[in-house]
Amino acid sequence: MSTSSNIITHTLGFPRIGERRALKWALESHWRGESSAQALQATAKSVRAQTFHAHKESGITHPPVGDFSFYDHMADTALLFGQVPHRFGSTANTLDNLFTLGRGKNVAGQNIAPLAMKKWFNSNYHYLVPELEADQPIALDAARYLDLVREALAANPAAKPVLVGPLTFLYLSRGLDEAGRLAKAEALAAGYQLLLNELKALGVAWVQIDEPILTLDLPADWLQAFEPTYHRLKVPGIKLLLTTYFGDLNGNVALAANLPVDGLHIDATMTRDLIAVADRLPDYKVLSVGILDGRSIWRADLAPMLQRLAPVYARLKERLWLAPSCSLLHLPLDAAFETKLPEFLRNNLSYARQKLTELNLLARGLSEGLDSIALELNQAAAARAELDRQPGRNSSTVRAKTETIAATEPNRRGAFAERAAAQQARFNLPLLPTTTIGSFPQTHEIRAARKAFKNRELSEEQYESSMKDEIRHVIEIQEKIGLDVLVHGEAERNDMVEYFGEQLDGFAFTQEGWVQSYGSRCVKPPIIWGDVQRSRPMTVAWARYAQSLSQRPVKGMLTGPVTILFWSFVRDDLSREAVCYQIAEALRQEINDLAAAGIGMIQVDEPAFREGLPLRRKDWAPYLNWAVRAFKHAVVDAPNDVQIHTHMCYSEFNDIIEAIAALDADVITIETTRSNMKLLDAFSDFHYPNAIGPGIYDIHAPQIPTMEEIEPRVRLALEKIPAERLWINPDCGLKTRGWKEVIPSLEAMVAVARKLRKEHG
Ligand SMILES: Nc1nc2c(c(=O)[nH]1)N[C@@H](CNc1ccc(C(=O)N[C@@H](CCC(=O)N[C@@H](CCC(=O)N[C@@H](CCC(=O)O)C(=O)O)C(=O)O)C(=O)O)cc1)CN2
Ligand code: MET
Ligand SMILES: [Zn+2]
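Residues numbered from 1 in each chain as written. Chains lettered and ligands numbered in written order. Predicted model: local features only at pLDDT ≥ 70, side-chain atom pairs only at ≥ 80, totals over all residues.

## Describing the overall build of the chain
This is how it is decided: We count a stretch as a helix when DSSP gives it H or I for four or more residues in a row; a strand needs E for two or more, and each element gets its number in order from the N terminus. Only C-alpha atoms enter the radius of gyration, while the globule expectation follows 2.2 Å times N to the 0.38, with N the number of residues. Residue burial is a threshold on neighbouring C-beta atoms within 10 Å of the residue's own C-beta, all placed from the backbone, with 20 or more meaning buried, 12 or fewer meaning exposed, and counts in between meaning partly exposed. A residue pair is marked as a contact if its C-beta atoms, positioned from the backbone, fall within 7 Å.
Helices and strands together make up the secondary structure of the chain, namely 28 helices and 22 strands. For the chain, whose C-alpha radius of gyration is 26 Å, the value lies close to the compact-globule estimate of 27 Å for 761 residues. In terms of overall dimensions, the chain has a C-alpha envelope of 75 × 65 × 50 Å along the principal axes. Scored against the burial criterion, the 761 residues of the chain give a buried share of 52%. Sequence separation of 24 or more characterises 78% of the internal contacts of the chain that already satisfy a separation of 6 or more.

If you want it as structure tokens, here you go:
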């Protein structure tokens, strides 16, 4: 165990998927009916035990509890307070009900839709959006939560329960309008108060309440609700730490500092002036400074952090707590598992467990002086110098090619109308063309083949030929179903971002860098550590092969520059804008090669385009400016008769519709089903000029949509978008589904398209 200092340290939350994604495997086996609820519970318990152990080993004072979830913590919070829509039947806070909220269910032939998924602020984590109903009373059902707290207190009496704050919960919910949601605040606060009383009875001292919405541009009535709500949930004997993260408090400092709570946590990576916050804080409160970047995989430079902290410590003494900026949920678990990375990278990584060590070092350095951690500081500095010495870190050719992009206005040759005519002449598509978003089921066989190839149990030729078999199979099935525009199915890709990271210079890919994306699904973001460059074509051979199998157009499939950027772990010594242009230039070369190979339609996916948007409106314009430019740079050379598609999912488009139009993609496919096609309004209200394919069924749930479900959605879309510019497709890629679901779903989709085509022909 590390020596502990007198400074309190804590974390806001910790990864919950476990070592080697233990929880994922346990969940999926349980859902398949292959293992019991007890087996699942046992896995989860051991994941949590490891979390407590890691905190203890690193001398962290307060480990979190209640941050763990079997699926999602927002859905857990909904169940905790009985805020479940009537369509689900029972509101009981059980594991099965949690899974139903996330996965939906089929009762007597009727599909019960799951809750919608949305991006958690500007992260790649998706939460389940609670749906409120006016007549669904707040009813505390805390047994599951309290069991976790008991378990934690047994491991460490200083464990700190974590709750999503009532106002963040209501603000991020839907079902009722803003006023309707706010109207629930009083009753909800009473529910929280009941829960806090239960926690007090268990001997809890501090409770963490997360109100990250305080870092957004919040409407005035929501801001005003904080003071009365927090008065209502006060419980004598329980201390509350109100946490904010992902942004600075900006104009909300005074409000947050003066709420009737006992401590405030701020994100120091986003806050310029720590002393200004400390100054505003009443002198009975603690200030938890989120000094380590809770979303960065890079080992921290501790010395300047200590310099920032010193005056705050001098002012606050033991009222200063130290923490990472946000929950460590967004980081992989342990860099010690990365045994295959080159040393110059390995020595510079800090995943969740390493953050605990760094936190402890900071506490020691602050209370005992820099000298007490001199050895560690020197090691970190040497590791960083080694990284900076790598030739790939700074390539003059890459810089020369990309540093001028910022000053360009990359427009395609013809305007949309001209391009559309050229493309129609080339492809002769029917009205309401049908297509899919790119991926087809990533079956166990495909993944097992890839695993065998990586373990050298399969030769490159064998692997390639089994992927080609899969592509041929996928093309045949699409032709049989009668889709108009085909895809190759992405069988050869582990993930839409990691796959490109594996092929581009400047990237590294990890072994165990898994991060939860939603439910049991994880991603392994590649690491951008050097200048990005394409040394050879990445997708051309696969695309050419797929197109050779069919007379119909087969879309070339790429991930866009903005998405590759945001779904990677990015170097911290260069601006995101500069890195994004480097990726865009590599993609431009790829697109040119695809076009030259006769690929007539190329899809450049940008599902992270909205996610990259800064939380505060004042920061939007610069981001949108470079993000749009990067996309346009990638596709700028595409001839008029090459049709550029893009795809986005889980996004609110209203705010950024102009930027989406500015991308000037010939076709955009979007996710709309879980919002009942409401997301389409942004496009119709704005008179979006190019073609759109609103998703007409939700691919994230295992239910099979019927023609009766699909047809009204297409009719609704036809009211909003002229038939000449409407495409018919699912919400997103089909990789997470099984063939048994995919085939009848697409058949129903094509049947609806054919039926409505006749009406509009
Ligand atoms: N990066 C990223 N972010 C995204 C998305 C996305 O596709 N990519 N989609 C949106 C929704 N999020 C999603 C995130 C993950 C997955 C997903 O399916 N992830 C897979 C992992 C994908 C992967 O990297 N697969 C690898 C590793 C597969 C694996 O686990 N192999 C097993 C063997 C498995 C077997 O034999 O079946 C092993 O190594 O032990 C591969 O195919 O090669 C999972 O959790 O299961 C889907 C959607 C938003 N954000
Ligand atoms: C998260 S967006 C996914 C797009 C990708 N082309 C796919 O179909 O899987
Ligand atoms: Zn998608």
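There is more to say, and it comes next.
## Things to note about the UniProt feature "domain: Cobalamin-independent methionine synthase MetE N-terminal" (unreviewed entry) in the chain
Spelled out, the test is: UniProt positions are given in the numbering used here, feature names are shortened, and annotations may be inferred rather than shown by experiment.
Look at the UniProt record and you will see "domain: Cobalamin-independent methionine synthase MetE N-terminal" (unreviewed entry) annotated at residues 9–314. The span residues 9–314 carries 42% helix and 14% strand; its end-to-end C-alpha distance comes to 17 Å.

## Here's the deal with the environment of Ala116
Mapped onto the elements, Ala116 comes out in the loop between β4 (110–112) and β5 (117–119). Put simply, Ala116 and Leu128 are 12 residues apart on the chain and 5.7 Å apart in space, counted from C-alpha to C-alpha. Once you skip the residues sitting within four places of it in the chain, Ala116 turns out to touch Val129, Arg674 and Ser675.

## Examining the site of ligand 1
Note the threshold: Put plainly, near means the residue's C-beta atom, positioned from the backbone, lies within 6 Å of the molecule or strand in question. When residues are grouped by polarity, Ala, Val, Leu, Ile, Met, Phe, Trp, Tyr, Cys and Pro land in nonpolar, Asp, Glu, Lys and Arg in charged, and all others, Gly among them, in polar.
Taken together, 22 residues lie near ligand 1, and Arg447, Asn494, Ser517, Arg521 and Val523 sit nearest. Elements with a contribution of two residues or more to the shell around ligand 1: α18 (444–454), β14 (515–518) and β15 (521–523). For the shell around ligand 1, the element with the most residues is α18, which contributes five residues. Tallied by class, the residues present in the shell around ligand 1 amount to eight nonpolar, six polar and eight charged.

## Remarks on the pairing of strand β13 (residues 504–508)
What counts is decided by this rule: Two strands pair if DSSP finds at least two bridges between them.
Of all five residues making up β13, four are buried, and the element is well covered by its neighbours. Two elements, β13 and strand β16 (residues 527–534), share four bridges in a ladder whose sense is antiparallel. Bridge pairing in β16 places Asp505 opposite Gln533.

## Section: the packing of helix α1 (residues 22–31) against helix α2 (residues 37–57)
What counts, and what does not: Each axis is a line fitted through C-alpha atoms, and for a helix only the stretch in contact is used; angles between axes span 0 to 180 degrees, taken between their N-to-C directions. Between 65 and 115 degrees an angle is taken as roughly perpendicular, under 35 as roughly parallel, over 145 as roughly antiparallel, and anywhere else as oblique.
Relative to each other, α1 and α2 sit at 170 degrees, their axes nearing to 9 Å. By the criterion of interaxial angle, the relationship of α1 to α2 is roughly antiparallel. Here Ala22, Leu23, Ala26, Leu27 and His30 of α1 come into contact with α2, specifically with Ala37, Ala39, Leu40, Thr43, Ala44 and Val47.

## A word on the sheet that holds strand β9 (residues 239–243)
Whether parallel or antiparallel, the strands of a sheet pair through hydrogen bonds between backbone atoms. Strands sit in the order β1-β12-β11-β10-β9-β8-β7-β2 across an open sheet of eight strands; the sheet is parallel. Of all strands in the sheet, those with a lone pairing partner are β1 (8–9) and β2 (64–65), marking the two edges. Bridge analysis of β2 against strand β7 (residues 160–164) gives two bridges, and the strand direction is parallel. Residue pairing across strands places Val65 opposite Pro161, the latter belonging to β7.

## Overview of the environment of Asp147
Topologically, Asp147 is positioned in helix α5 (residues 143–155). With 10 C-beta atoms counted inside 10 Å, the residue Asp147 sits in the exposed group. As a C-alpha pair, Asp147 and Gly66 span 81 residues in sequence and 9.7 Å in three-dimensional space.

## Quick word on the UniProt feature "binding site: L-methionine" (unreviewed entry) in the chain
What UniProt calls "binding site: L-methionine" (unreviewed entry) maps, in this numbering, to Ile437, Gly438, Ser439, Glu490 and Asp605. Despite a sequence span of 169 residues, these residues sit close together in the fold, their greatest C-alpha distance being 12.8 Å. Relative to the elements of secondary structure, Ser439 occurs in the loop between α17 (416–427) and α18. A count of 23 C-beta atoms within 10 Å places Ser439 in the buried class. The residues contacting Ser439, other than those within four sequence positions of it, are Gly489, Glu490, Gly733, Leu734 and Lys735. Each residue touching Asp605, except ones within four places of it in the same chain, is listed here: Met496, Thr559, Gly560, Thr563, Thr646 and His647.

## Structural notes on the pairing of strand β11 (residues 286–292)
Residues in a regular strand point their side chains to alternate faces of the sheet. Our working rule: For a crossover, the right-handed case is the one in which the path from the first strand over the helix to the second runs clockwise, viewed with the strands pointing away from the viewer.
Along β11, seven of the seven residues are buried, which leaves the element largely enclosed by surrounding structure. As judged from the five bridges shared by strand β10 (residues 263–267) and β11, these two strands associate in the parallel manner. If you follow Asp267 over to β11, its bridge partner there is Gly290. At this point the chain moves from β10, through helix α11 (residues 274–280), to the parallel β11, and the crossover so formed is right-handed. Where β11 meets strand β12 (residues 320–324), five bridges bridge the pair, whose relative direction is parallel. Pairing of Val289 across the sheet is with Leu322, part of β12. Note on the crossover from β11 through helix α12 (residues 302–316) to β12: the handedness is right-handed.

## Thoughts on the nonpolar core
Side chains of nonpolar character tend, in soluble globular proteins, to be buried together. Put simply, the test is: Buried Ala, Val, Leu, Ile, Met, Phe, Trp, Tyr and Cys residues whose C-beta atoms connect them within 7 Å together make up a nonpolar core. Residue ranges labeled as domains rest on an automatic or database domain assignment.
Counting 226 residues, the largest nonpolar core has Val289, Leu362 and Ile602 as its most contacted members. Ranked by the residues each element gives to this core, the list is headed by helix α23 (residues 576–596), at nine residues. Counting contributing residues per domain, this core is built from domain 1 (8–388) and domain 2 (420–503 + 538–760), each supplying no fewer than three. If we skip the residues at most four places from it in the chain, Val289 touches Ile266, Ala268, Leu274, Leu309, Val312, Leu320 and Leu322.

## Considering the sheet that holds strand β18 (residues 569–570)
The strand order across the open sheet built from three strands is β13-β16-β18, with neighbouring strands paired in mixed fashion. Looking at strand neighbours, the two that pair on one side only are β13 and β18, the edges of this open sheet. Note: β16 against β18, two bridges, orientation parallel. Across the sheet, residue Ile527 finds its bridge partner in β18, namely Phe569. Running over the sheet, α23 touches β13, β16 and β18 and is turned about 40 degrees from β16.

## Structural notes on the environment of Glu658
The topology assignment puts Glu658 in helix α25 (residues 657–663). The exposed category is assigned to Glu658, around which 11 C-beta atoms lie within 10 Å.

## Describing unusual backbone geometry
Its identity as a non-glycine residue notwithstanding, Phe121 has a phi of 50 degrees, on the positive side. Take Phe121: it is sitting in the loop between β5 and β6 (126–128). Of the residues examined, Phe121 has 18 C-beta atoms within 10 Å and is grouped as partly exposed. Residues other than glycine seldom take positive phi values, yet His687 does so here, at roughly 55 degrees. The topology assignment puts His687 in the loop between α26 (680–685) and β22 (691–694). Given 9 C-beta atoms within 10 Å, His687 falls into the exposed group.

## Here's the deal with the domain arrangement of the chain
Annotation of the chain at the domain level lists domain 1 (8–388) and domain 2 (420–503 + 538–760). Spacing between the C-alpha centres of domain 1 and domain 2 amounts to 33 Å. Counting from both sides, the interface comprises 23 residues of domain 1 and, opposite them, 16 residues of domain 2. When residues in the side of domain 1 that touches domain 2 are grouped by element, the largest group, three residues, is from β5.

## With respect to helix α21 (residues 540–548)
Put simply, the test is: By definition, the arc is the one covered by directions from the helix axis to the C-beta atoms.
Of all the residues in α21, the buried ones are Trp542, Ala543, Ala546 and Gln547. Projection of α21 onto a plane perpendicular to its axis shows the buried side chains occupying an angular sector of 130 degrees, all on one side. Among the structural elements, α19 (460–481), β17 (556–559) and α23 are those in contact with the buried residues of α21.

## Overview of the confidence of the model for the chain
Rules: On a range of 0 to 100, pLDDT expresses the predictor's confidence in each residue.
For the chain, per-residue confidence averages 96 on the pLDDT scale, and 99% of positions sit at 70 or higher. We note a pTM of 0.96 for the whole complex and an ipTM of 0.97 for its interfaces.

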